[in-house]
Amino acid sequence: MIDHTALITYILIVLGFVFIPGPATLLTMARAASSGTRVGIATGAGIAAGDVVHTTMAIVGLSAIIATSALLFSVVKYAGAGFLIYLGIRAILDKAPLEVNGGAPAISAARAFRQAVLTEVLNPKTALFFLAFLPQFVRPEHGSTTLQLALFGAAFVLLGLVSTVVFAVGAGRLGNLLRRHPAVVKWQGKVVGTIYCAIGVRLALQER
């Protein structure tokens, strides 16, 4: 049903896109470095779940509403930015760092997953990306456009999940080494919080 050349081209483009560090990658790495690989992977899974929502929105046309409504775009954008900045400020102000030798993680995997889903869903840039990118590879003469959109969206989600798992594993191992040093444990919350705030500000300042 899907043209093989178009599919290969699509996969290559998506691979380049998901393995270039962006907000989702930084969020995953920050979680993994501060709370461990398991939490980092849960964050990546939450981002993937958020992308499933965006794929669904693109298919049913809700993303088109965001694309054409300046007010709705702004509401979603500032809600997402505010949520990230809130997480960042909490991390900066938190005075209960991880224990140096294998203490409990600062956040559970389930909570990290939920926060990642919300963060990704509230990113209107992702909604517009799906709306603009996926249709470029859909060929009506090859069958159901809805099914083609769903397949391309699923491929994006899976490849994105692979990339975030790779980054989570790497950042988690690095974090385990760094957390053995008390100075790193003391400052990691502030560093991670600053990353969250920076991503939030970037989201707030982005244009349609």
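In what follows, the structure referred to is the one given above.
Figured I'd write up the structure that's included with this text. Since the structure is predicted, the reported quantities are computational estimates derived from the model, not experimental observations.

### Concerning the environment of lysine 125
Step number 1: Relative to the elements of secondary structure, lysine 125 occurs in helix 7 (residues 124-133).
Step number 2: Taking C-alpha positions, lysine 125 is 8.2 Å from leucine 203, a pair spaced 78 residues apart along the chain.

### Concerning a nonpolar patch on the surface
Step number 1: Taken together, Ile8, Leu12, Leu15, Phe19, Val162 and Val166 make up a surface patch of nonpolar side chains, about 530 Å² in accessible area.
Step number 2: Looking at the nonpolar patch, the elements with two or more residues in it are helix 1 (4-18) and helix 8 (145-178).
Step number 3: With three residues, the single largest contributor to the nonpolar patch is helix 1.
Step number 4: Inspection of the secondary structure assignment puts valine 162 in helix 8.
Step number 5: Given the relative accessible area of 45%, valine 162 is considered partly exposed.

### What about helix 6 (residues 109-121)?
Think of an α-helix as 3.6 residues a turn; residues three or four steps apart then line up on the same face.
Step number 1: Compared with an ideal rise of 1.5 Å per residue, which puts 13 residues at 18 Å, helix 6 spans 18 Å between its outermost C-alpha atoms and is within 8% of the ideal.
Step number 2: When helix 6 is considered as a whole, its buried residues turn out to be Ala109, Ala112, Gln115, Ala116, Val117, Thr119 and Glu120.
Step number 3: Those residues of helix 6 that are buried are in contact with helix 2 (23-35), helix 3 (37-60), helix 5 (70-93) and helix 7.

About the thresholds
- Residues numbered from 1 in each chain as written.
- Predicted model: local features only at pLDDT ≥ 70, side-chain atom pairs only at ≥ 80, totals over all residues.
- Heavy atoms only, no water.
- Helix = DSSP H or I, 4+ residues; strand = E, 2+ residues; numbered from the N terminus.
- Patch = residues over 30% accessible without salt bridge, like charges linked within 9 Å, V, L, I, M, F, W, Y side chains within 5 Å.
- Areas by Shrake-Rupley, 256 points an atom, 1.4 Å probe, with all protein chains shown as cover.
- Salt bridge = Lys/Arg side-chain N within 4 Å of Asp/Glu carboxyl O.
- Buried < 20%, exposed > 50% of the residue type's maximum accessible area, 1.4 Å probe, protein only.
- Expected span 1.5 Å × (residues − 1).
- Contact = heavy atoms within 4.5 Å.

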